[in-house]
Amino acid sequence: VQLQASGGGLVQPGGSLRLSCANSGSIFSINAMGWYRQAPGKQRELVASITSGGSTNYADSVKGRFTISRDNAKNTVYLQMNSLKPEDTAVYYCRADALGPKLYWGQGTLVTVSS
């Protein structure tokens, strides 16, 4: 499992971004994929996750604004972020939960929401 996250950047409040997490390695053992974020001075927190069966879970703070999805043909998981707020500013990480259990992290991608 090798995860590559991308799509971060600077966006104004109310704007949108789409993050991508591409897995260039094996997918056989992956049970779920998730997006986490870590703001300065805060702990890393779960933003959204999706299981191999397609079930999704969201943090209360992003429900109705963010959508996690997956493209199995491309081995990629997406996080569509709409109606962004300054408090969404953080480094966003993708994570793969595999059998074992084993956890695999991608490198972070910075999202900055500011006017």
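Residues numbered from 1 in each chain as written. Predicted model: local features only at pLDDT ≥ 70, side-chain atom pairs only at ≥ 80, totals over all residues. Heavy atoms only, no water.

Visitor: Mind showing me how you'd approach the overall build of the protein here?
Guide: If you tally the helices and strands in the protein, you get zero helices and 11 strands. Helices and strands in the protein line up, N terminus first, as β-β-β-β-β-β-β-β-β-β-β. In terms of C-alpha radius of gyration, the protein reaches 13 Å, essentially the compact-globule figure of 13 Å for 115 residues. Seen through its C-alpha atoms, the protein measures out along the principal axes to roughly 40 × 25 × 25 Å. Per-residue burial for the protein yields a buried fraction of 40% across its 115 residues. By sequence separation, contacts in the protein at least 24 residues apart represent 51% of the contacts at least 6 residues apart. Carbon and sulfur atoms provide 49% of the accessible area of the protein, an area that totals close to 6,100 Å². Each charge class in the protein can be summarised by its mean position, and for the 11 positive and 6 negative side chains these summaries are 4 Å apart. (Helix = DSSP H or I, 4+ residues; strand = E, 2+ residues; numbered from the N terminus. Rg over C-alpha atoms; globule rule 2.2 N^0.38 Å. Buried < 20%, exposed > 50% of the residue type's maximum accessible area, 1.4 Å probe, protein only. Contact = heavy atoms within 4.5 Å. Areas by Shrake-Rupley, 256 points an atom, 1.4 Å probe, with all protein chains shown as cover. Lys, Arg positive; Asp, Glu negative; His and termini not counted. Charge placed at Lys NZ, Arg CZ, Asp CG, Glu CD.)

Visitor: In this structure, what is going on with the pairing of strand β1 (residues 3-6)? I would like to understand it.
Guide: Looking along a regular strand, one sees side chains alternate from face to face of the sheet. The two faces of β1 differ: Leu3 and Ala5 on one face are buried, but Gln4 and Ser6 on the other face are not. Relative to strand β3 (residues 17-23), β1 runs antiparallel, the two sharing four bridges. Bridge assignment links Leu3 to a residue of β3, and that residue is Asn23. (Pairing = 2+ DSSP bridges.)

Visitor: Whenever I open this one, the pairing of strand β10 (residues 102-105) confuses me. Can you help?
Guide: Where strand β9 (residues 90-98) lies against β10, four bridges are found, and the strand directions are antiparallel. Bridging from a neighbouring strand, Arg95 pairs with Trp105 of β10.

Visitor: It is not clear to me how the side chain of Asn23 should be interpreted in this structure. Could you clarify?
Guide: Along the chain, Asn23 falls in strand β3. With near-sequence residues (within four places) excluded, Asn23 lies in contact with Val1, Gln2, Leu3, Ile30 and Asn75.

Visitor: Teacher, can you tell me more about the pattern of salt bridges here?
Guide: Two side chains carrying opposite charge are able to pair once their charged atoms lie near each other. Here the structure, examined in full by the defined rule, presents five salt bridges. Of the charged contacts, one joins Asp97 and Arg95 as a salt bridge, the two residues approaching to 2.8 Å between their closest N and O atoms. For Asp97, a relative accessible area of 21% translates into the label partly exposed. (Salt bridge = Lys/Arg side-chain N within 4 Å of Asp/Glu carboxyl O.)

Everything listed here is a matter of geometry and, on its own, says nothing about what the molecule does.
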